[in-house]
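This is what each chain is made of:
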Amino acid sequence: MKNIHHSWAEPYKIKMVELLKISTATQRKKAMKEAGFNTFLLRSEDVYIDLLTDSGTSAMSDRQWAGLMMGDEAYAGSKNFYHLEKVVKEVYGYKYLLPTHQGRGAENILSRILIKKGDIIPGNMYFTTTRLHQELAGGKFEDIIIDEAHDPENEFAFKGNVDLDKLDRLVKKHGAAKIPYVSIATSVNMAGGQPISMKNLKELRAYCKKHKIRIIHDMTRVAENAYFIQQKEKGYEKKSVKEIVNEINSYTDGATMSAKKDALVNIGGFLALNEWDVFEEARNMVVVYEGLHTYGGLAGRDMEAMAIGIGESVCDDHIRARVGQVIYLGNKMMEYGIPIVKPIGGHGIFLDAKKFLPHIPQENYPAQTLAAEIYLDSGVRTMERGVVSAGRKANGENYYPKLELLRFTIPRRVYTQAHMDVIAESAASVFERRNKIKGLKMVYEPRYLRFFQARFEKLN
Ligand SMILES: *Cc1c(COP(=O)(O)O)cnc(C)c1O
């Protein structure tokens, strides 16, 4: 019986369904043109399987929906805030909590408090909103992720790791006083959802302690990272995801969270801190940008759904199925010979657009092109993570990232295995006619986070 493959099957069953529209090729062609070849500008109604993002797109459980009915919509001191505060302490281990409307709300407040003009913020690869808030606060982001992370072919298990030599060079060059904190993401999004190891995190902690530098944790996908540690790192096989999450957090001084990811809600986020002084300042600032410190831009019911979602997100059965589904899709793509980032990450499949469309130079947006082609083929919506997302430097020059990726992000608990098959089949049929595909030119470019609203036209 040894040859039986055991499935990652879901630890839930379906209680309600949302009907989808299945469009024709002609309808999709029209919709794509109207959207300026930017999948962010499509109407969701025109999308069959939506893999634009795993942000705010999760399916809530019946318990979370019941939680919505228990919303205490008081302006101040809502009981849902106290429930959330208790859960964040218990599950994540941080002392002080400030809810925010979503992750970037927390990033804004934190950056304004900790960053001074001319500061350096080292991080394990940039994230769009995180880096922008650091820059708007007068800081400069410096990438200290290991080189392996920039190589989509490299199969190292912990491509989210920090290169301590890179950090040390920055400390020597600028001095530790110029570095308010090291910004550490778990399940590094832009590298393809790649985890950081506990060993690396411990070494980083020891280094930062010596130089009196804080570690701030972008914990948006910490549970997925913890799952990879459990599966791949020695000494963690028998620990629960919840225990591992707690240990990860214990090596950091505070966190920003987009609860729209791991925490299984459609809106919400928070800033969590261990230092009273920083918290006090943040609690002061949150009233300017988000709302009173006991709601931070959220309804009481949103905080309740988040508190329940956090508990569900660190259950081993949940996370095994969540990551299992992503791995299923990745394996299917590899069977078709499609070039993807390896190892397969926690929240989506990242197609290597430079390899897929080697005849299209980065100036003509290979990943953006591929996003349009996949949509035209099947109505599957994906997202560019390459030169468009990378944007421009403060001096106006384009960033040209090594990684030119197309992200197929899997919402949590939303799609079935047959949906995964449809997605892989669509990628495969575009792959078959890849030589005939032409690139794009940008015809409208917004100033900030251009990938959201830029418009393109097809090259002749
Ligand atoms: C989504 C995300 C954010 C920003 O959070 P929002 O809720 O979208 O504002 C920050 N960091 C990472 C890694 C993310 O994935």
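Residues numbered from 1 in each chain as written. Predicted model: local features only at pLDDT ≥ 70, side-chain atom pairs only at ≥ 80, totals over all residues. Heavy atoms only, no water.

Colleague: So what about the overall build of the protein? Which residues, and what values?
Modeller: Across its full length, the protein holds 16 helices and 14 strands. A compact globule built from 460 residues would reach a C-alpha radius of gyration of about 23 Å, and the protein, at 21 Å, matches this within 12%. Taken over the C-alpha atoms alone, the protein extends approximately 60 × 55 × 50 Å along its principal axes. Counting the 460 residues in the protein, one finds 59% classified as buried. The contacts of the protein with a sequence gap of at least 6 include a subset with a gap of at least 24, amounting to 72%. Surface summary for the protein: the accessible area is close to 20,200 Å², and the carbon and sulfur share equals 51%. (Helix = DSSP H or I, 4+ residues; strand = E, 2+ residues; numbered from the N terminus. Rg over C-alpha atoms; globule rule 2.2 N^0.38 Å. Buried < 20%, exposed > 50% of the residue type's maximum accessible area, 1.4 Å probe, protein only. Contact = heavy atoms within 4.5 Å. Areas by Shrake-Rupley, 256 points an atom, 1.4 Å probe, with all protein chains shown as cover.)

Colleague: Which residues make up helix H9 (residues 241-250), and what values do they have?
Modeller: Residues of H9 that are buried include every one of Val 241, Ile 244, Val 245, Glu 247, Ile 248 and Asn 249, and no others. Where H9 is buried, its residues contact helix H3 (79-92), helix H7 (198-210), strand S6 (214-218), helix H8 (222-232) and helix H12 (316-335).

Colleague: Tell me about the site of the ligand, residues and numbers included.
Modeller: What surrounds the ligand is a group of 14 residues, the closest being Arg 104, Asp 218, Arg 221, Ser 258 and Lys 261. Within the side chain of Arg 221, an N or O atom sits 2.8 Å from an oxygen atom of the ligand. One of the side-chain N or O atoms of Lys 261 is found 2.7 Å from an oxygen atom in the ligand. Burial of the ligand by the surrounding chains reaches 96%, relative to a free accessible area of 380 Å². Counting only elements with at least two residues in the shell around the ligand, the list comes to helix H4 (103-114) and helix H5 (128-136). With three residues, H4 is the single largest residue contributor to the shell around the ligand. (Near = heavy atom within 4 Å. Polar contact = N/O pair within 3.5 Å; in protein donor to acceptor, adjacent residues only side chain to side chain.)

Colleague: Now, about the side chain of Glu 224: what can you tell me, with residues and values included?
Modeller: Inspection of the secondary structure assignment puts Glu 224 in helix H8. Apart from the residues lying within four places of it in its own chain, the contact partners of Glu 224 are Ser 187, Asp 262, Ile 319, Arg 322, Val 323, Gly 346, His 347 and Arg 412.

Colleague: Tell me about the pairing of strand S8 (residues 269-273), residues and numbers included.
Modeller: Judged by how many residues are buried, S8 sits mostly within the fold: five of five residues are covered. The side-chain alternation of S8 yields two buried faces, one formed by Gly 269, Leu 271 and Leu 273 and the other by Phe 270 and Ala 272.

Colleague: Describe in detail the packing of H3 against H9, supporting the description with residues and values.
Modeller: Two elements in contact, H3 and H9, have axes whose closest approach is 8 Å; the angle formed by their N-to-C orientations is 90°. The orientation of H3 relative to H9 falls into the category roughly perpendicular. Of the residues in H9, those in contact with Glu 90, Val 91 and Tyr 92 of H3 are Lys 242, Val 245, Asn 246 and Asn 249. (Axes fitted to C-alpha atoms, helices over the stretch in contact; angles between N-to-C directions. Parallel < 35°, antiparallel > 145°, perpendicular 65-115°, else oblique.)

Colleague: Before we move on, can you summarise helix H10 (residues 276-289) with the specific residues and values?
Modeller: In a regular helix each residue adds 1.5 Å, so 14 residues correspond to 20 Å; H10 covers 20 Å between its end C-alpha atoms and thus fits that length. Regarding H10, the residues found buried are Val 278, Phe 279, Ala 282, Met 285 and Val 286. Each element contacted by the buried residues of H10 is listed here: strand S2 (96-100), H4, S6 and S8. Looking one or two places after H10, you find Gly 291, whose phi comes out positive at around 150°. (Expected span 1.5 Å × (residues − 1).)

Colleague: Please provide a residue-by-residue account of the environment of Tyr 48, values included.
Modeller: Secondary-structure assignment places Tyr 48 in the loop between helix H1 (25-34) and strand S1 (49-50). When neighbours within four sequence positions are excluded, Tyr 48 is seen to be in contact with Leu 20, Lys 21, Ile 22, Ser 378, Gly 379, Tyr 415, His 419 and Val 422.

Colleague: Could you give an account of the sheet that holds strand S12 (residues 405-409), naming the residues involved and the relevant values?
Modeller: Within the open sheet, the three strands sit side by side as S9-S12-S11. Their pairing is antiparallel. Here the strands that pair on one side only, and so sit at the sheet edges, are strand S9 (348-352) and strand S11 (383-385). Strand-to-strand twist of the sheet, defined as the mean angle between neighbouring strand axes without regard to direction, takes the value 35°. Across five bridges, the pairing between S9 and S12 is antiparallel. When the sheet's bridge partners are listed, Phe 350 is paired in S12 with Arg 407. (Pairing = 2+ DSSP bridges.)

Colleague: Hey, could you go over the packing of H4 against H10 for me, with residue numbers and the actual values?
Modeller: One can describe the packing of H4 onto H10 by two numbers: an axis separation of 10 Å at closest approach and a directional angle of 125°. If you check the angle between H4 and H10, you find them oblique. Judged by the sense of rotation from one axis to the other, the crossing of H4 with H10 is right-handed. Contacts between H4 and H10 involve Asn 108, Ile 109, Arg 112, Ile 113 and Leu 114 on the former and, on the latter, Val 278, Glu 281, Ala 282, Met 285, Val 286 and Tyr 289. For the contact of H4 with H10, the per-class residue count stands at eight nonpolar, one polar and two charged. (Left-handed = near helix turned anticlockwise from the far one by under 90°. Nonpolar A, V, L, I, M, F, W, Y, C, P; charged D, E, K, R; others polar.)

Colleague: Residues and numbers for the packing of aromatic side chains, please.
Modeller: Per the counting criterion, the structure on display carries 13 aromatic pairs. Both rings, one in Trp 276 and one in Phe 279, keep their centres 5.5 Å apart while their planes meet at 55°; by these two values the pair is tilted. Of this pair, Trp 276 and Phe 279 both sit in helix H10, three residues apart, roughly one helical turn. Taking the relative accessible area as the measure of exposure, Trp 276 reaches 38% and is therefore partly exposed. We classify Phe 279 as buried; its relative accessible area is 7%. (Phe/Tyr/Trp six-rings, centres within 6.5 Å; stacked < 30°, edge-to-face > 60°.)

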